[in-house]
Each structure stands twice: as C-alpha cells, then as structure tokens.
Amino acid sequence: MQARSHEDIRRPQLGWTMMETPRFLSEAAMLAMAWPMLLRAPAGDGHPVMVLPGFATNDAMTGLLRAYLAKLGYAVFPWDLGWNLDQHSAGENGEHLAERIEAIAQLTGRKVSLVGWSLGGVIAREAARRDHGALRQVVTLGSPFTGNPRATSLTTLYELLTGNKVSSDETAARYARGHDPLPVPSSAIFSRSDGITAWENCVSQIDPQTENIEVHCSHFGFVSNPGVFWAVADRLALPEGQWAPFVPKGPFAGFFP
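Criteria and thresholds
Residues numbered from 1 in each chain as written. Predicted model: local features only at pLDDT ≥ 70, side-chain atom pairs only at ≥ 80, totals over all residues. Heavy atoms only, no water. 1 Å grid on protein atoms, 1.4 Å probe; cavity = no way out; pocket = protein on both sides within 12 Å on 5 of 7 lines; lining within 4 Å. Points joined across faces, edges and corners; volume = space filled by probe spheres on them. Helix = DSSP H or I, 4+ residues; strand = E, 2+ residues; numbered from the N terminus. Polar contact = N/O pair within 3.5 Å; in protein donor to acceptor, adjacent residues only side chain to side chain. Contact = heavy atoms within 4.5 Å. Buried < 20%, exposed > 50% of the residue type's maximum accessible area, 1.4 Å probe, protein only. Nonpolar A, V, L, I, M, F, W, Y, C, P; charged D, E, K, R; others polar. Pairing = 2+ DSSP bridges. Axes fitted to C-alpha atoms, helices over the stretch in contact; angles between N-to-C directions.

Participant: An account of empty space enclosed by the protein is requested, with residue identities and associated values reported.
Facilitator: Over the atoms, a rolled probe matching the size of one water molecule traces out where space is still vacant. By the definition in use, this model includes one cavity of 30 Å³ or more. Its boundaries defined by the atoms lining it, the largest cavity holds a volume of some 60 Å³. Lining the largest cavity, in full, are Val 122, Arg 125, Glu 126, Arg 129, Phe 145, Arg 174, Arg 177 and Gly 178. Of all elements in the fold, only helix H6 (119-130) and helix H8 (169-178) reach the threshold of two or more residues within the lining of the largest cavity. Looking at the lining of the largest cavity, the element that brings in the most residues is H6, giving four residues.

Quick look at the structure:
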C-alpha cells in the first residue's frame, strides 16, 4: 500500500469521532456474544505476548484482549509501565520498554510478540527498529505510525500530556520512517472508519513479512472488536519462521472488507 502525501491525509470526519463511544459499546456487546466462537481460534504455542495500551490509557484497557490471548494458551504480559504518555512511560529512548521486553524474554526463554493498540503500536514498532533480537513479531491496532501527525482528533490533548509538538522535527522524523517495514514480521490492523486517527497513518509499506489488514472497527473497538481479536489470534498462531499473510475466513470473515 503506497503512502499518501502528508497534505492529503486528514483527520477523521466529526461524525465518526462522535460515534466512537456507541460503536465501542456495541463492539463490546458483540464480543461477549462471540466469545465461544473466538475460543475456536488456533491454540497458542505458549510464547510470550506483551500487550501495549493506547495513548493516555493503561493496562486496564487491554484487559479483555489479554484475557482472550491467555485463554488461547499464550504467556501474556501487560506492559506494566503505567499510563501511556509516550516517552514519559516508554523512556526517552525506549529504554524502559526495552528493559521490559528483555526481562520477559529472559523469564520465558523465548522471543516476545508485541501487540500494540494506538500509540502502543507506534512504540512497539520503534522498539523493533532499535533492537529486535528479543522480538518475534509486532501487531499494531489502529496505530498512527506514519503519515500526517496532525490527522488525529487528539492532537491538542497529546501535546498537553506528553509535551511533544506534532510540528517538531523529531515528530516529522518519527513519521517519515514509520512507513518502512520492520526487521521482524509485522501486521498493521487498521480501519477506514476509525474516529480518532486517519487510517492512512496506520498502514505500512509491505514486503514478504509485512502486511496491512483492514477491519470494520472503531478506534476504541480495537480492544473490544471480535474481528480484531480473531485476526490477532491468527497472527500470533503463526509458527516462528513460517510467516504468511492473513486470509479472512471462518465466522469472522465479514469483519474484513
């Protein structure tokens, strides 16, 4: 998928933003009804999976996703770094997150998969670029890691809480390299009806181990949508060293355009 020019990428329409809460609630209700079918996903191989929360949220917001992955048999870990306020939580150079990944890898003796929602996915991708020796794969959920940093409904709040300026040279550099594939397998799950960030900010250039997966989902629904849960389970179940693109099938195929 080719990156669009910076100027062409706009923040989501106000209607989608205003629908975030009711859509999230409906997706959570669907999740409850779909839970028995979701447990038919391929069983996990027990490898460690760390789930990173979105901007201005903490591990509580990823509790359902972590509980689901634990049910499938993965060794699931929260990010355990408090509220996600970008570098204030992950470290100025990602050192806090790097230490967390290394501790999990040493504890389990296996490489770690990262699943990051929103800003959590941005941070996960940066961790993979810095040091991927302990990482198995990265899955991002509505994560704005490229494109136009102003194409989001939370620009003012983000700048207030993090102290970062989306117009800075550092932010421009972060977004400029964000589109490039990672050195480990990665899947970027995105939604064109995302009410918080432009979907174009959430897709990567593809290569033989990199893909973009479109899903019908709200932004907050990435941590409550049954289609997203199914796709994450499918990606994590891939045998190490045998990556293959996602193919929508089964009872949740309708979530994927």
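Back to the text.
Participant: Pulling in residues and values, what's your account of the side chain of Glu 211?
Facilitator: As for its placement among the helices and strands, Glu 211 is situated in strand E6 (residues 210-214). A polar contact is formed between the side chain of Glu 211 and the side chain of Arg 235, at a distance of 2.8 Å. What Glu 211 contacts, discounting residues up to four positions off in sequence, is Ser 186, Ser 187, Ala 188, Ile 206, Arg 235, Trp 243, Pro 245 and Phe 246.

Participant: An account of unusual backbone geometry is requested, with residue identities and associated values reported.
Facilitator: Positive phi, normally seen in glycine, also occurs at Ala 56, with a value near 60°. Position of Ala 56 relative to the elements: it lies in the loop between strand E1 (48-52) and helix H3 (63-71). A positive phi angle, close to 60°, is found at Asp 86, a residue other than glycine. Turning to its location among the elements, Asp 86 is positioned in the loop between strand E2 (75-78) and helix H4 (87-90). Judged by relative accessible area, Asp 86 falls into the buried class, the value being 4%.

Participant: Account for the layout of surface pockets, naming residues and giving values.
Facilitator: Roughly 540 Å³ of volume is contained in the largest pocket. Around the largest pocket, the lining comprises 29 residues; the ones closest to its centre are Gly 91, Glu 92, Gly 94, Glu 126 and Arg 130. Secondary structure elements with two or more residues in the lining of the largest pocket: H4, helix H5 (95-108), H6 and H8. Considered class by class, the residues forming the lining of the largest pocket number 10 nonpolar, eight polar and 11 charged.

Participant: So what about the sheet that holds E2? Which residues, and what values?
Facilitator: Pairing within the open sheet is parallel, and its six strands lie in the order E2-E1-E3-E4-E5-E6. Each end of this open sheet is capped by a strand with a single partner; those strands are E2 and E6. This sheet shows a mean twist of 20° between the axes of neighbouring strands, independent of strand direction. Pairing analysis gives five bridges linking strand E5 (residues 186-190) to E6, with the strands arranged parallel.

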